[in-house]
Amino acid sequence: MEKAGPSNPFISLCLGINLCSSVTIVFLNKWLYVNYGFPNITLTCIHFMMTSLGLHICRHLNIFSPKSLPIMSVLPLSLTFCGFVVFTNLSLQNNTVGTYQLAKAMTTPCILIIQSCFYNQHYSTKIKLTLIPITVGVILNSYYDVKFNVTGTVYATLGVLVTSLYQVWVSTKQKEFQVNSMQLLYYQAPISSVLILCIIPYFEPVFGEGGIFQPWPSGAIITMLASATVAFSVNLSIFWIIGNTSPVTYNMVGHFKFCLTLLGGFFLFQDPLRANQVVGVCMTLSGIILYTRFKLKEQQLSKQQTKVW
């Protein structure tokens, strides 16, 4: 007798949780930076600790089964995990929400270049052409952003590079160790917590003004704890969605998140948006949708050919 799959209301609930938590964490973090000047790397460390704690709870609830992995093999992945979260948060701190979100879209072209140059993967001309509107759209938005600054651009660029490398390595390590994303994160999160904890005193104050142990207002503490909890919710819901829905569903939710984040930045933080930036946003979004469409079609065609053989 086959095990019944999750019901449609439950799927809708999980998609809703992922959508809300993915958008909410951007605004919570931005709120902490803008209104309280909360230390960036310290916040990242708290996120990692909360994720580690959450994964231990999930393990005891039998949501997943851990798999023994060599620590030294996970260490490079943990380093890039630290870098990608720190640099994307620094990008969010130093850019408008719109520029931050659009810069993240450059991860797709960057991954394609890394895989083509170093992993001998080949992509169709259609896939490569979708990178043109994505890239031009990001450049248009950044050029006409009235809050454009060199520091924010550097952090956004580093965030894209490290995030791309991290995502490529995650895919490689999952295949190498035959584990899912949650089993890999179970090792990554605590190692990353320790690594970040060691470097905090060199980059941010620990005591005194701006340090984690200064007397923060209750609003900052509540927002920080909410941000850490939502960070774990994002990781958990992504794991469930990928395992229980189709890639189309996951990507469509991603496009909706993209639009909501841009709108939220405009309404919550009064990020200025010029007509040229709107054109850039539309170009980038259209490129992402076309990339997803072509990629999914190629994957379906590949599966059909595999079945025939």
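What comes next concerns the included structure. Quick caveat: nothing in here was measured; it's all calculated off a predicted structure.

**Some points on a nonpolar patch on the surface**
- Among the surface-exposed residues, F148, V150, V154, L158 and L161 lie close enough to one another that they form a single nonpolar patch of about 440 Å² accessible area.
- You can see V150 is positioned in helix 7 (residues 150-177).
- Residue V150 is classed as exposed on the basis of its relative accessible area of 61%.

**Description of the packing of helix 3 (residues 71-94) against helix 8 (residues 181-203)**
- Where helix 3 contacts helix 8, the axes come no closer than 8 Å and their chain directions differ by 65°. On the basis of their axis angle, the class for helix 3 and helix 8 is roughly perpendicular. Seen along the crossing, helix 3 lies across helix 8 with a hand that is right-handed. Side by side, helix 3 and helix 8 meet where I71, V74, L75, L77, S78, L79, F81, C82 and V86 of the first sit next to L184, L185, Y187, Q188, A189, I191, S192, L195 and I196 of the second.
- Among the residues making up the contact of helix 3 with helix 8, the classes are represented as 15 nonpolar, three polar and no charged.

**Quick notes on unusual backbone geometry**
- Backbone geometry at N62 places phi at a positive 60°, although glycine is not the residue there.
- Considering the arrangement of structural elements, one finds N62 in the loop between helix 2 (40-60) and helix 3.

Criteria and cut-off values
- Residues numbered from 1 in each chain as written.
- Predicted model: local features only at pLDDT ≥ 70, side-chain atom pairs only at ≥ 80, totals over all residues.
- Heavy atoms only, no water.
- Patch = residues over 30% accessible without salt bridge, like charges linked within 9 Å, V, L, I, M, F, W, Y side chains within 5 Å.
- Areas by Shrake-Rupley, 256 points an atom, 1.4 Å probe, with all protein chains shown as cover.
- Salt bridge = Lys/Arg side-chain N within 4 Å of Asp/Glu carboxyl O.
- Helix = DSSP H or I, 4+ residues; strand = E, 2+ residues; numbered from the N terminus.
- Buried < 20%, exposed > 50% of the residue type's maximum accessible area, 1.4 Å probe, protein only.
- Axes fitted to C-alpha atoms, helices over the stretch in contact; angles between N-to-C directions.
- Parallel < 35°, antiparallel > 145°, perpendicular 65-115°, else oblique.
- Left-handed = near helix turned anticlockwise from the far one by under 90°.
- Contact = heavy atoms within 4.5 Å.
- Nonpolar A, V, L, I, M, F, W, Y, C, P; charged D, E, K, R; others polar.

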